[in-house]
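# Coordinate inspection notes
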Amino acid sequence: MFPDVNEINRIRKKYNWHMYQSGIKTFRKMGELEANALKDGKLAQKYKELIALGISINNSCYGWIEYHVSSSADLGATKEEIQEATAVAVALGGGVAEWPARFVFKVLEELEKKADIDEA
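First, a word on what this report is: a plain description of the structure on this page. (Residues numbered from 1 in each chain as written. Predicted model: local features only at pLDDT ≥ 70, side-chain atom pairs only at ≥ 80, totals over all residues. Heavy atoms only, no water.)

## Considering the packing of helix H4 (residues 62-74) against helix H6 (residues 98-114)
Short version of the rule: Only C-alpha atoms enter the line fits that serve as axes; for helices the fit covers just the stretch in contact. Angles between N-to-C directions range over 0 to 180 degrees. Each helix is a run of DSSP H or I of at least 4 residues and each strand a run of E of at least 2, with the numbering of both proceeding from the N terminus. Working rule for angles: under 35 degrees goes down as roughly parallel, over 145 as roughly antiparallel, 65 to 115 as roughly perpendicular, anything else as oblique. Two helices crossing with the near one rotated counterclockwise from the far one by less than a right angle form a left-handed crossing, whereas a clockwise rotation gives a right-handed crossing. Any two residues having at least one pair of non-hydrogen atoms within 4.5 Å are treated as being in contact. Under the grouping applied here, Gly and all other residues not named as nonpolar or charged are polar, the nonpolar ones being Ala, Val, Leu, Ile, Met, Phe, Trp, Tyr, Cys and Pro and the charged ones Asp, Glu, Lys and Arg.
Two numbers describe how H4 lies on H6: the axes approach to 9 Å, and their chain directions differ by 45°. As summarised for this structure, H4 and H6 are arranged oblique, according to the angle between their axes. Of the two elements, H4 crosses H6, and the hand of that crossing is right-handed. Where H4 approaches H6, its residues Tyr62, Ile65, Glu66, Val69, Ser70 and Ala73 are matched on the opposing element by Trp99, Pro100, Phe103, Val104, Val107, Leu108 and Leu111. Across the contact of H4 with H6, the residue classes tally to eleven nonpolar, one polar and one charged.

## Quick word on the packing of aromatic side chains
Applicable threshold: Between 30 and 60 degrees the pair is tilted, below 30 it is stacked and above 60 it is edge-to-face, where a pair is any two Phe, Tyr or Trp rings, Trp via its six-membered ring, whose centres lie within 6.5 Å. Type-normalised accessible area, obtained with a 1.4 Å probe on protein chains alone, sets the label of each residue: buried when under 20%, exposed when over 50%, and partly exposed for intermediate values.
A complete count under the given rule lists two aromatic pairs for this structure. Look at Trp64 and Tyr67: their rings are 5.2 Å apart centre to centre, the planes differ by 90°, and that puts the pair in the edge-to-face class. In this pair, Trp64 and Tyr67 are both assigned in helix H4, three residues apart and thus about one turn of the helix distant. The exposure class assigned to Tyr67 is partly exposed, which follows from its relative accessible area of 25%.

Right, here's the structure in full:
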C-alpha cells in the first residue's frame with residue numbers, strides 16, 4: 001500500500017550520496033540551498049520543516065514526507081503539531097493531498113515504535 005518508511009530512508013541516503021559523489025555541482029548546490037532555507041531565522045527550523053512537510057504532501061513526494069516528518073520530530077515537533085500541519089496541507093491541497101497525508105500517519109507510527117516522537 002505505502003512504501004516502507006525505513007526503505008525510503010535508506011534509498012534516499014544511498015542515492016543522495018551517489019548524487020553528491022557524481023561531481024555534478026547542481027546536486028550539492030540544491031542540497032546547500034535547502035539546508036540554508038531550513039536554518040533558523042525569523043522562523044524556527046521546526047516550523048520551516050512543518051512548512052516543507054505540507055509542500056511535500058501536496059507534491060505527493062513520499063521520500064520528502066518521510067524526511068520532513070522525521071526532521072520535524074527531531075526538532076521537537078509533537079505528533080499533534082505534525083498532524084495539524086498535515087491537515088493544513090490537505091485543506092489547501094484538496095482530495096489529491098489525502099493519500100500522501102495518510103503516509104504521514106504511517107511515518108508517525110514508525111517513529112512512535114522507535115519512541116522518537118512525544119505524544120502531544
